Amino acid sequence: MRALVFVLLVSLGAAPEPRYEVAPESRLWIDGTATTGPWTCQADRVVGEAEGDPAAPSGRLTVPVRAFDCGSGLMNRDLARALGADDHPTIAFDLDAVGRIAPAPTDAWVDVVARGTLRLAGTGRVVTVGARGRRRADGRVDLEGRQSLRMSAFGVRPPSHAAGLVRADDAIVVRFDLVAVAR
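Residues numbered from 1 in each chain as written. Predicted model: local features only at pLDDT ≥ 70, side-chain atom pairs only at ≥ 80, totals over all residues. Heavy atoms only, no water.

Q: Sorry if this is basic, but what is going on with helix H2 (residues 73-82) here?
A: Because an α-helix completes one turn every 3.6 residues, residues spaced three or four positions apart along the sequence face the same direction. Among all positions of H2, only Asp78, Leu79, Ala80 and Ala82 are buried. Looking at the buried positions of H2, the neighbouring elements they touch are strand S3 (37-43), strand S6 (68-69) and strand S11 (160-161). Looking one or two places after H2, you find Gly84, whose phi comes out positive at around 65 degrees. (Buried < 20%, exposed > 50% of the residue type's maximum accessible area, 1.4 Å probe, protein only. Helix = DSSP H or I, 4+ residues; strand = E, 2+ residues; numbered from the N terminus. Contact = heavy atoms within 4.5 Å.)

Q: Sorry if this is basic, but what is going on with the confidence of the model for the protein chain here?
A: Reading fine detail from the predicted coordinates is not recommended where pLDDT is low. Across the protein chain, pLDDT averages 84, with 81% of residues at or above 70. For the protein chain, per-element mean pLDDT is lowest for helix H1 (residues 2-11), which scores 46, and highest for S6, which scores 97. For residues 1-17, every residue scores under 50 in pLDDT, and the model assigns this stretch 67 contacts once sequence neighbours within four places are set aside. (pLDDT = per-residue confidence, 0-100.)

Q: I keep staring at the layout of surface pockets and nothing clicks. Help me out?
A: The gaps of empty space that remain are located by a probe, the size of a water molecule, rolled over the atoms. A volume near 220 Å³ is recorded for the second largest pocket. Around the second largest pocket sit 16 residues that line it, and Ala34, Trp39, Met75, His161 and Ala168 are the ones nearest its centre. Elements with a minimum of two residues in the lining of the second largest pocket: S3, H2, S11 and strand S12 (166-182). Element by element, the count of residues in the lining of the second largest pocket is highest for S3, at 4 residues. Partitioning the lining of the second largest pocket into residue classes produces 10 nonpolar, 4 polar and 2 charged. (1 Å grid on protein atoms, 1.4 Å probe; cavity = no way out; pocket = protein on both sides within 12 Å on 5 of 7 lines; lining within 4 Å. Points joined across faces, edges and corners; volume = space filled by probe spheres on them. Nonpolar A, V, L, I, M, F, W, Y, C, P; charged D, E, K, R; others polar.)

Below is the structure:
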């Protein structure tokens, strides 16, 4: 993701600094459904930075598994267990490639497409992420998007409790709203 932010900066016509980092107000959510209805878990701690040559940027975004709050201690525990938080304390996205994006004026939203390796519960899978981003007049960059996934694709058994009477569905949607600042 940090590389995604970096490429966004270049594509928006910003004269990039050598390094950008994800600001504290950045957020990431996991949305899903269960036998009891829809659920959302929000991570209020997202870490990442971008650096490197615009033609071959590098980047990584990480989210501590225990940073997710599902609004229920029981759900928080079940999510942490399902994601193997003790052995794999973070979820990470490492950028592999970025599609071409036309330059845009300040405050104009542009589409961004990136391919990278998402590491979840000790398993890495290549995913293509669609997003939109903009460079603000103050130089900050907004990046927002969503990605549909299946927990089972990462070897994760969807959380359940109450002898399986309450269980999460395999399909989830990861949403993100990131802000990057020059470092």
